[in-house]
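The primary structure of each chain is shown beneath.
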Amino acid sequence: MESRVLHPKVAAFQPEWDLEHIRMAFFKCTRWQVEETLDPTNCPFHYFCDSIYPGNYPPAVDVLVLLLATTSYLTTLVIMLIDISRKGRPCLSQSKRLLLPSGPVSLPLILLALAKGSRINILYPLSCVAPAIFLLIQISALAFDIGADKDPRYAFLEASTISGILHASVYLDSIILPYYTGIDALASSTFSGECVSCVCRTEVLVAGGRLILYRGLSVTTFCVAGALCLRIICRLSEHNKGKLLSINTLLESLAWILITKDCIYLVAKSPQEQSLLQAAAFGGILVLICLHGLKIFCARITQWHR
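Residues numbered from 1 in each chain as written. Predicted model: local features only at pLDDT ≥ 70, side-chain atom pairs only at ≥ 80, totals over all residues. Heavy atoms only, no water.

Chemist: Tell me what's going on with helix α8 (residues 219–236), and back it up with residues and numbers.
Modeler: Its 18 residues place the ends of α8 26 Å apart at the C-alpha level, agreeing with the 26 Å of an ideal helix rising 1.5 Å per residue. Three or more residues of α8 are buried, namely T220, T221, C223, V224, A225, A227, L228, L230, R231, I232, C234 and R235. Against the buried residues of α8 lie α6 (126–143), α7 (152–187) and α9 (241–269). (Helix = DSSP H or I, 4+ residues; strand = E, 2+ residues; numbered from the N terminus. Expected span 1.5 Å × (residues − 1). Buried < 20%, exposed > 50% of the residue type's maximum accessible area, 1.4 Å probe, protein only. Contact = heavy atoms within 4.5 Å.)

Quick look at the structure:
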């Protein structure tokens, strides 16, 4: 996909144009402007980038965000392995939950990184791995459940997690939509030659493009948020608890299926930019999904032998 993106149908590509300059002009564009065309047959829609994101943060910020994401992932991985080794017995204390990506310590830092993610672009573009970070938040929120019945602190913690996930989805879209739009503009257009970002298209350029359909604010996100809301209701409610638990189990299972689908889709469709970093990020997410499946399987085996 990378060669296709950086070398589109080049009707008027100028050799002196720097590919990195083109990449920045397309992938960081916040507003595409359509203008009248004098050739409605060959160039029915003529677009150019009217505005781009401001400059990038220093490389140190990229390193700090990468360390935060790596630490959050390793924390989730270790706690999940401990959880599996204890064969269904609770192992997640409130202090451990604070360290999870969906916890009250890491989640605000991740939200800050996503909110400023368009300017994290020196050592690696955050747009490449931001979806994996968002999937990590969703997984850590679903995989671990701790708290006493009718404990208001539990309800407050879950509610803050739900709010954080919804905010993260909006921040994620602010990063990936310009990126995906730029990919579509490069791969499905021809350069007109009038400027670096001037392209001719045969169809309208839509926000987010049509090549990669993944979005942060999606059915998956609302399914995860709904499952977490039902957890709170199940803990605090005294009526129809059995029915609520059954609905919650089904909703959580659906959320896991959708998360798996999103991860596989991103592996297949994401552009091969920073391919090693993307392979590590999404490979790590698939490992967590498999471990959760193993945890459920072990729990079922334990129940059958009782």
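Chemist: Can you tell me about the pattern of salt bridges, naming the residues and giving the values?
Modeler: Scanning all chains against the criterion turns up eight salt bridges. R231 is the salt-bridge partner of E158, the closest N and O atoms lying 3.8 Å from each other. Remark: R231 occurs in helix α8 and E158 occurs in helix α7; sequence separation between them is 73 residues. The residue E203 makes a salt bridge to R210 at a minimum N-O spacing of 3.8 Å. Each of D184, R201, E203 and R210 takes part in salt bridges that share partners, so that together they form one network. (Salt bridge = Lys/Arg side-chain N within 4 Å of Asp/Glu carboxyl O.)

Chemist: Would you mind going over α9 in detail, with residue names and values included?
Modeler: Taking 1.5 Å of rise per residue, 29 residues should cover 42 Å, and α9 covers 41 Å from first to last C-alpha, within 8% of that figure. Buried within α9 we find L244, N248, E252, A255, W256, L258, I259, D262, C263 and L266. On its buried face, α9 sits against α6, α7, α8 and α10 (275–304).

Chemist: I'd like a rundown of the environment of S72, residues and numbers included.
Modeler: Tracing the chain through its elements places S72 in helix α3 (residues 59–85). According to the relative accessible area criterion, S72 is buried, its value standing at 2%. Engagement of the side chain of S72 in a polar contact is seen with the backbone oxygen of L68, the distance being 2.8 Å. (Polar contact = N/O pair within 3.5 Å; in protein donor to acceptor, adjacent residues only side chain to side chain.)

Chemist: Before we move on, could you go through the sheet that holds strand β2 (residues 45–52) and cite the residues and values that matter?
Modeler: The strands making up a sheet associate through backbone hydrogen bonding, with each pair oriented either parallel or antiparallel. Taken together, four strands build an open sheet; the order of strands is β1-β2-β4-β3 and the sheet is antiparallel. Strands at the two margins of the open sheet, each flanked by one partner only, are β1 (29–35) and β3 (190–191). Summarising the sheet, β3 and strand β4 (residues 199–201) pair through two bridges and their orientation is antiparallel. Of the residues in β4, the one forming a bridge with T190 is C200. (Pairing = 2+ DSSP bridges.)

Chemist: Please set out the packing of α3 against α10 residue by residue, giving values where relevant.
Modeler: Interaxial distance between α3 and α10 falls to 10 Å at its minimum, and their mutual angle equals 20 degrees. Taken as axis vectors, α3 and α10 run roughly parallel relative to one another. In the packing of α3 onto α10, the handedness of the crossing is left-handed. Packed against α3, whose contacting residues are L66, Y73, T76, L77, M80, L81, D83 and I84, the element α10 presents L277, G284, I285, V287, L288, L291, H292, L294 and K295 at the interface. Partitioning the contact of α3 with α10 into residue classes produces 12 nonpolar, three polar and two charged. (Axes fitted to C-alpha atoms, helices over the stretch in contact; angles between N-to-C directions. Parallel < 35°, antiparallel > 145°, perpendicular 65-115°, else oblique. Left-handed = near helix turned anticlockwise from the far one by under 90°. Nonpolar A, V, L, I, M, F, W, Y, C, P; charged D, E, K, R; others polar.)

Chemist: Lay out the environment of L136 with the relevant residues and their values.
Modeler: By secondary structure assignment, the location of L136 is in helix α6. Among the residues examined, L136 registers a relative accessible area of 5% and is labelled buried. In this structure, L136 is in contact with A69, S72, Y73, T76, P101, I285 and L288, ignoring residues within four places of it in sequence.

Chemist: So what's going on with the pairing of β2? Which residues, and what values?
Modeler: Where β1 meets β2, six bridges bridge the pair, whose relative direction is antiparallel. When the bridges of β2 are listed, E35 appears paired with H46. The sheet contact formed by β2 and β4 spans three bridges and is antiparallel. Residue F45 lies in a different strand from β4, and its bridge partner there is R201.

Chemist: Report on the packing of aromatic side chains, specifying residues and quantitative values.
Modeler: Summed over the entire model, instances satisfying the criterion amount to four aromatic pairs. Seen in terms of ring centroids, F27 and Y179 are 5.1 Å apart; in terms of plane orientation they differ by 80 degrees. Their pairing is edge-to-face. Of this pair, F27 sits in helix α2 (residues 19–27) while Y179 sits in helix α7, placing them 152 residues apart in sequence. Both residues of the pair, F27 and Y179, belong to the buried class. Both rings, one in Y179 and one in Y180, keep their centres 5.8 Å apart while their planes meet at 35 degrees; by these two values the pair is tilted. Each member of the pair Y179 and Y180 is classed as buried. Following the ring pairs from residue to residue traces out a cluster consisting of F26, W32 and F191. (Phe/Tyr/Trp six-rings, centres within 6.5 Å; stacked < 30°, edge-to-face > 60°.)

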